[in-house]
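# Breakdown of the fold
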Amino acid sequence: MSRYLSEKYSALEVYTPGEQPRDMQYVKLNTNESPYPPAPGVVEAVTAEARRLELYSDPVCADLRDALARRYGVARENVFVSNGSDDILNFAFMAYAVDGAPAFFPDISYGFYRVYADLHKSNYRQIPLKEDFSIDPQDYRGLGGFIAIANPNAPTGMALSMAQVEGIVQSNPDGVVLIDEAYVDFGGESCLPLTAKYDNLLVVRTFSKSRSLAGARLGFAIASEGLIADLDRIKYSTNPYNVNRMTLAAGVASLESDDYNMANCRRVMQTREDVAARLTNMGFEVLPSSANFVFARHPGTDGGMLYRELKKRGVLVRHFDAPRISDFLRITIGTPEQMETLCAAIKAILEG
Ligand code: PMP
């Protein structure tokens, strides 16, 4: 850091992304990417767009927003797209939880919520998960401030029902409730239908997981016209061309073959159930997951040790050295072959 950097950033504890190492070829199960390639048509669409890079991208993102509106049965005015859903989460904290405004999110959840809350000086409270690592919806009733919940939650994979989310949204009419549905396509119950009924519900989604486009950086939000207009104001105050041409084209092409994407989600879910059963057989406690990862611990085995031993054997998973969860590993669901490698490596470590 230089001495010129504003204290706002120099004092901030920043987010640590999962490793993207280049020292060897790993079985990479640490950042919840899809093990399957993008939908047919995506590469061609991106290549065609690459020939027009002398021109700015469409700031309105009309084609992609229209495609999303059709896919989810809403109007273009209910859709916002941005450079990854992280961008939208940042915008939402900027819009609704800035300069001492109250914000609430679970103590164990996506690590970026705390970073954005610090960055924008929210007056935030982290609400503890229950003993079984689930979210108690009662804890979020009538809080009167901005609320952010990942549903399914990360890194637990555990989900709330639409009815439980509705109770939270209904009891907080004076605050925006952001439901981060990054993982919902892997078996969660989406709250999208509620956006027609509640003007304070902001549903955030991503193309990174269920649509195999993590590298393209594409997220979207669906909400009332008012909330979408708020996000647009922030975008037009910072960077109106924040989704590039190739990514816009990738998004449209991906939605044209969405059956392919949803079929991949079903494959991942099937693999997840197989892996969860195998880990359970090896003595692991595996939390019930509705996401493309499992969160598991082995009684009597140190989580950090397992993570390091797996890495030595070329298998990369995620370990969080944080209170309550340092025993756990978060393991992304890859192909059946990758999970075979994982299980063999774990077996060897446990037997060694
Ligand atoms: N929300 C959650 C819960 C996540 O785990 C992630 C992925 N790290 C994101 C949002 C951000 O995804 P992206 O920026 O790739 O859309």
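Quick note: structure is the one above.
Scoring rules and cut-offs
Residues numbered from 1 in each chain as written. Predicted model: local features only at pLDDT ≥ 70, side-chain atom pairs only at ≥ 80, totals over all residues. Heavy atoms only, no water. Core = buried A, V, L, I, M, F, W, Y, C linked by side-chain atoms within 4.5 Å. Buried < 20%, exposed > 50% of the residue type's maximum accessible area, 1.4 Å probe, protein only. Contact = heavy atoms within 4.5 Å. Helix = DSSP H or I, 4+ residues; strand = E, 2+ residues; numbered from the N terminus. Pairing = 2+ DSSP bridges. 1 Å grid on protein atoms, 1.4 Å probe; cavity = no way out; pocket = protein on both sides within 12 Å on 5 of 7 lines; lining within 4 Å. Points joined across faces, edges and corners; volume = space filled by probe spheres on them. Nonpolar A, V, L, I, M, F, W, Y, C, P; charged D, E, K, R; others polar.

### Topic: the nonpolar core
Counting residues in hydrophobic clusters, the biggest one holds 51 residues, and the most contacted among them are Leu 68 and Val 81. In this view, Leu 68 contacts Val 79, Val 81, Phe 207, Phe 220 and Leu 255; residues no more than four positions away in its chain are not counted. By size, the runner-up hydrophobic cluster in this structure holds 33 residues, among which are Leu 29, Tyr 183, Cys 265 and Val 286.

### What about the side chain of Arg 245?
Of note, Arg 245 is situated in helix α8 (residues 245-256). Those residues in contact with Arg 245 that sit more than four places away from it in its chain are Glu 49, Arg 52, Leu 53, Leu 55, Tyr 56 and Ser 57.

### A word on the pairing of strand β3 (residues 102-106)
Counting buried positions along β3 yields four of five residues, so the element is predominantly enclosed. Examined bridge by bridge, β3 and strand β4 (residues 123-127) share five bridges and lie parallel to one another. Each bridged residue has a counterpart across the sheet, and for Phe 105 the counterpart in β4 is Gln 126. The sheet contact formed by β3 and strand β5 (residues 146-150) spans two bridges and is parallel.

### As for the sheet that holds strand β12 (residues 328-332)
Pairing within the open sheet is antiparallel, and its three strands lie in the order β9-β10-β12. If you trace the sheet from one side to the other, it starts and ends with β9 (285-286) and β12, each paired once. Inspection of the sheet shows strand β10 (residues 293-297) paired to β12 by five bridges, in the antiparallel sense. By the bridge assignment for β12, Arg 297 is matched with Phe 328.

### Quick look at empty space enclosed by the protein
Evaluation of the coordinates by the stated rule reveals one cavity of 30 Å³ or more. Each pocket or cavity is described by its volume, and for the largest cavity that value is around 40 Å³. As for the largest cavity, its lining consists of Ser 34, Pro 35, Phe 186, Lys 209, Ser 210, Ser 212, Asn 264, Cys 265, Val 268 and Asn 292. In terms of residue class, the lining of the largest cavity is built from four nonpolar, five polar and one charged.

### Quick notes on unusual backbone geometry
The amide bond that connects Asn 151 to the next residue, Pro 152, takes the cis arrangement and shows omega of -5 degrees. Of the consecutive residues Ala 154 and Pro 155, the connecting peptide bond is found in the cis state with omega at 10 degrees. With respect to the secondary-structure elements, Pro 155 resides in the loop between β5 and α6 (162-170). The backbone phi angle of Cys 61 is positive, close to 55 degrees, even though this residue is not glycine. Mapped onto the secondary structure, Cys 61 falls in the loop between α2 (42-50) and α3 (62-72). Look at Ser 212: it is not a glycine, yet its phi comes out positive at around 55 degrees. With respect to the helices and strands, the residue Ser 212 is situated in the loop between β7 (201-206) and β8 (219-223). Since its relative accessible area comes to 12%, Ser 212 is described here as buried.

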